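Residue-level listing of the chains:
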Amino acid sequence: MPQALPPARQAVMIDIDRERDHWRQRYQSLPRARAMRSFARYWPVLCAAYDVYLNHPRAAAGERLELFLRRESVAMSLLSEAEASQGFDQVWERIRDATAD
């Protein structure tokens, strides 16, 4: 008997320009925004969260976070691991809300 394939994931399109505009207006609420001093310095960290979502959609929660924390833009940022995790959670929540059925 052939093994059943896992259910196909719904195709998701992320309008990165729209996401950038969303976060540009709200990045001050993210951890250590003042220390980062500008949205331009924070944006690569946020992009890393989208990158993990797009490239590892079936990763478990802990694995997703580890992949995010290892991204160069995150590791080189001024954020502690806890602060980076908080930012990741905020981006992930936005993605989850946008892709909820």
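Shown above is the structure to which this text applies.
These numbers were taken from a predicted model, which means no experiment stands behind them. (Residues numbered from 1 in each chain as written. Predicted model: local features only at pLDDT ≥ 70, side-chain atom pairs only at ≥ 80, totals over all residues. Heavy atoms only, no water.)

S.K.: Please give an account of the nonpolar core that cites residues and values.
M.R.: Counting residues in each nonpolar core, the largest one holds 25 residues, and the members touching the most others are Trp-23, Tyr-42, Val-45, Leu-46, Phe-68, Val-74 and Val-91. Going through the elements one at a time, helix 2 (33-36), helix 3 (39-55), helix 4 (61-70) and helix 6 (81-99) are the ones with two or more residues in this core. Broken down by element, the residue count for this core peaks at ten residues, all from helix 3. Other than its neighbours up to four places away in sequence, Phe-68 contacts Val-45, Ala-48, Ala-49, Val-52, Val-74, Ala-84 and Phe-88. (Core = buried A, V, L, I, M, F, W, Y, C linked by side-chain atoms within 4.5 Å. Buried < 20%, exposed > 50% of the residue type's maximum accessible area, 1.4 Å probe, protein only. Helix = DSSP H or I, 4+ residues; strand = E, 2+ residues; numbered from the N terminus. Contact = heavy atoms within 4.5 Å.)

S.K.: Provide a residue-level description of the pattern of salt bridges, including the pertinent values.
M.R.: Across all of its chains, the model carries five salt bridges by this definition. A salt bridge links Glu-19 to Arg-94, with the shortest nitrogen-to-oxygen separation between them at 2.7 Å. On the criterion of sequence distance, the pair formed by Glu-19 in helix 1 (residues 16-26) and Arg-94 in helix 6 is long-range, its members being 75 residues apart. Exposure remark for Arg-94: the relative accessible area of 22% places this residue in the partly exposed category. (Salt bridge = Lys/Arg side-chain N within 4 Å of Asp/Glu carboxyl O.)

S.K.: Go over the side chain of Glu-83 with me, naming the residues and quoting the values.
M.R.: Tracing the backbone through its elements, the reader meets Glu-83 in helix 6. Polar side-chain contacts of Glu-83 include one of 2.8 Å to the backbone nitrogen of Ser-80. The contacts of Glu-83, once residues within four sequence positions are left out, are Pro-31, Arg-32 and Leu-78. (Polar contact = N/O pair within 3.5 Å; in protein donor to acceptor, adjacent residues only side chain to side chain.)

S.K.: Now, about the packing of helix 3 against helix 6: what can you tell me, with residues and values included?
M.R.: Where helix 3 contacts helix 6, the axes come no closer than 9 Å and their chain directions differ by 50°. Relative to helix 6, the element helix 3 is oriented oblique. Considering only the axes of helix 3 and helix 6, their crossing is right-handed. The segment helix 3 lies against helix 6, with Leu-46, Ala-49, Tyr-50, Val-52 and Tyr-53 engaging Phe-88, Val-91, Trp-92, Arg-94, Ile-95 and Thr-99. Class assignment for the residues of the contact of helix 3 with helix 6 results in nine nonpolar, one polar and one charged. (Axes fitted to C-alpha atoms, helices over the stretch in contact; angles between N-to-C directions. Parallel < 35°, antiparallel > 145°, perpendicular 65-115°, else oblique. Left-handed = near helix turned anticlockwise from the far one by under 90°. Nonpolar A, V, L, I, M, F, W, Y, C, P; charged D, E, K, R; others polar.)

That's the geometry; what it means functionally is another story.
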